[in-house]
There are 2 protein chains.
Amino acid sequence: MSDNRPIGVFDSGLGGLYATAHISHLMPRENIVYLGDTARVPYGTRSRETIIGYAEDDVRFLLSKDVKMILAACGTVSSVALDKIKESSPVPTFGIVEGAVESAMKATISGRVAVIGTDATIGSGVFEKMLYARGANFVISRACPLLVPLVECGFCGRDNVVASSVCRSYLEPIKEAGVDTLILGCTHFPILYDVISDILCGVSLIDTGRVAAETVARYILQSGSGADISRGDVRYYVTDSADGFSAAAKIFVGGKKICAETVEITK
Amino acid sequence: MSDNRPIGVFDSGLGGLYATAHISHLMPRENIVYLGDTARVPYGTRSRETIIGYAEDDVRFLLSKDVKMILAACGTVSSVALDKIKESSPVPTFGIVEGAVESAMKATISGRVAVIGTDATIGSGVFEKMLYARGANFVISRACPLLVPLVECGFCGRDNVVASSVCRSYLEPIKEAGVDTLILGCTHFPILYDVISDILCGVSLIDTGRVAAETVARYILQSGSGADISRGDVRYYVTDSADGFSAAAKIFVGGKKICAETVEITK
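Model, not experiment: these values are computed from the prediction.

Enquirer: Even after reading the chapter, I still don't get the packing of helix α5 (residues 97-107) of chain A against helix α11 (residues 208-223) of chain A, so can you show me in this structure?
Expert: The description of two helices packed together rests on the angle between their axes and the distance between the axes. All names here are of chain A. Their axes nearest at 9 Å, the elements α5 and α11 cross at an angle of 110 degrees. Comparing their axes, α11 and α5 come out roughly perpendicular. For the pair α5 and α11, the contacting residues are G99, A100, E102 and S103 in the first and T208, V211, T215 and R218 in the second. Here the contact of α5 with α11 is built from residues that sort into 2 nonpolar, 4 polar and 2 charged.

Enquirer: For this particular structure, what's the right way to read the relation of the copies chain A and chain B?
Expert: Two chain copies, one operation linking them: a rotation about an axis together with a shift along it. Superposing chain A onto chain B takes a rotation of 180 degrees plus a shift of 0.0 Å along the axis, which leaves an RMSD of 0.0 Å. Such a turn and shift between the copies fits a two-fold axis. Judged by C-alpha distance, R40 of chain A is the residue of chain A that lies nearest the rotation axis, at 2.7 Å. Same-surface contact between copies: 100% of interface residues of chain A are shared with the interface of chain B.

Enquirer: What exactly am I supposed to notice about the sheet that holds strand β9 (residues 234-238) of chain A here?
Expert: Residue and element names in this part refer to chain A. Taken in spatial order, the 6 strands make up an open sheet running β4-β3-β1-β2-β9-β10, and their pairing is parallel. Of all strands in the sheet, those with a lone pairing partner are β4 (93-94) and β10 (260-262), marking the two edges. Bridge count between strand β1 (residues 7-11) and strand β2 (residues 32-36): 5 bridges; the pairing is parallel. By the bridge assignment for β2, D11 is matched with G36. Sitting on the sheet, helix α1 (residues 16-26) touches β1, β2, β3 (69-72) and β9, and the angle it makes with β2 is about 170 degrees. Contacts between helix α2 (residues 48-64) and the sheet are confined to β1, β2, β3 and β9, with β1 contributing the most and set at about 155 degrees to the helix.

Enquirer: I keep staring at the interface of chain A and chain B and nothing clicks. Help me out?
Expert: As a measure of interface size, the accessible area lost when the parts come together is often cited. Taken together, the 23 residues of chain A in the interface contact 23 residues of chain B. With both sides pooled, the region where chain A packs onto chain B buries about 1700 Å², and carbon together with sulfur makes up 60% of that total. The largest share of the area that chain A buries against chain B comes from R46, L146 and D240 of chain A, three residues that together contribute 28% of it. Along the contact surface separating chain A from chain B lie 0 salt bridges.

Enquirer: Is there a simple way to think about the pairing of strand β7 (residues 181-184) of chain A in this case?
Expert: Note on strand geometry: in a regular strand, side chains alternate between the two faces of the sheet. Residues and elements named next belong to chain A. Going residue by residue along β7, you find T181 and I183 tucked away on one face and L182 and L184 tucked away on the opposite face as well. In terms of strand pairing, strand β5 (residues 112-117) meets β7 through 4 bridges, oriented parallel. From the neighbouring strand, I116 faces β7, where its bridge partner is L184. Where β7 lies against strand β8 (residues 204-207), 4 bridges are found, and the strand directions are parallel. Paired with L184 across the strands is D207, a residue of β8. At this point the chain moves from β7, through helix α10 (residues 193-199), to the parallel β8, and the crossover so formed is right-handed.

What counts, and at which threshold
Residues numbered from 1 in each chain as written. Chains lettered and ligands numbered in written order. Predicted model: local features only at pLDDT ≥ 70, side-chain atom pairs only at ≥ 80, totals over all residues. Heavy atoms only, no water. Axes fitted to C-alpha atoms, helices over the stretch in contact; angles between N-to-C directions. Helix = DSSP H or I, 4+ residues; strand = E, 2+ residues; numbered from the N terminus. Parallel < 35°, antiparallel > 145°, perpendicular 65-115°, else oblique. Contact = heavy atoms within 4.5 Å. Nonpolar A, V, L, I, M, F, W, Y, C, P; charged D, E, K, R; others polar. Least-squares fit on C-alpha atoms with pLDDT ≥ 70 in both. Pairing = 2+ DSSP bridges. Buried area = accessible area lost by both parts, 1.4 Å probe. Salt bridge = Lys/Arg side-chain N within 4 Å of Asp/Glu carboxyl O. Buried < 20%, exposed > 50% of the residue type's maximum accessible area, 1.4 Å probe, protein only. Right-handed = clockwise from strand over helix to strand, strands pointing away.

So this is what it looks like as structure tokens:
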């Protein structure tokens, strides 16, 4: 039985666009509604209560668009608020943590795994707890709060001296800990994949954007709720002005030009 | 005639704490109410409409505390929303732009001046326009959006490699332009004074925090509205959780421990 309702994806800002691009790539028939809460990004430096309130606004907006499922393409919301939003969401609702942990446990040989994320994600201890529960021997986690604005301000790419300096500073203790796998526990971080990969040579990087897209694809296939149209489209919504969105968004969608509409999502 | 009502100061986040510390230092008899909109920081990457809405919330909160004047200790609000909030504020309301421009025009010998600020501040062109109106020969301005989160994440101090790398990247064109004066057009930036000063040797730096405190002191003296108490106190309010505020705030107030109360300021 097919289901032509859109998939709902949200993030604090633009990081989730990358996961959205992967969903489109894996499932080109699906319609997608994307919401970036650009008026209140970043979430990861805020308190648990504030993050939960913001995530509830995001979910309410997506539900108003009659989505068939929701992906919180945001490491912070997935770590801090997923249980809360699952409670209030009438459609299947996923985060990025579980898939990333599974991928990490498949990738690691030594069982020594690292996680980086926002302050709120690392503070929650969710990744750490789940990694140990799945058999990790050693987990080191590090909050890297500057990486979200770093990416949103366009500092990325292998040759970017600033990106390299910031990542090097955050990753030093992880390099010293001798892990073989690192979870990029925030959907902004895969944009820094090359920079991080150069610093941590030989370490497997778990790309949460790709893994989240695979989670969505698996659910759609298993539940038989795929769309029955020749080609789906993606509608983009943001909470701040849509001016300049296209330029900033390019980083996350491989240079493609996309346009967004501004919406009010607070009650 | 004395006036014991508090001075109201607000900023998007913590940058205004530095100006607040200077006001206390210059006028120890004054009571001060400080509001940091930490649930929605940073303002400088947001649209004009969003910034005006946020600034109006801030002003409404300070007015509820019966303040005798308001200082928008925020370069973004001062550049983008000052006219709007002046219209709706029944008490004298100041920003940081005018004082900073006056100081810059006193400091410059060549008449070649630079300004750095947030995206919104630089986009507004307010500093540039006022500098030319006061006789500058040449003005170069540069948006440095990463500097606010850089400071709020604690990357500062002369020996900080990350702070130095980020500042160097932003200041390169300013160094090449051969100015003799640079306005730090955001109240977060004076925290990077040493780093910037090392990069731009010999350039006079205009510290907007200090200048804003002097603006307030001058108004209080000229209007004869000083407080008549032996020692004023400062009450701190934030819009996100107050946990961790004290640690983050230390950077801005010379290591002093201060505590804040969380308030809801949206309508």
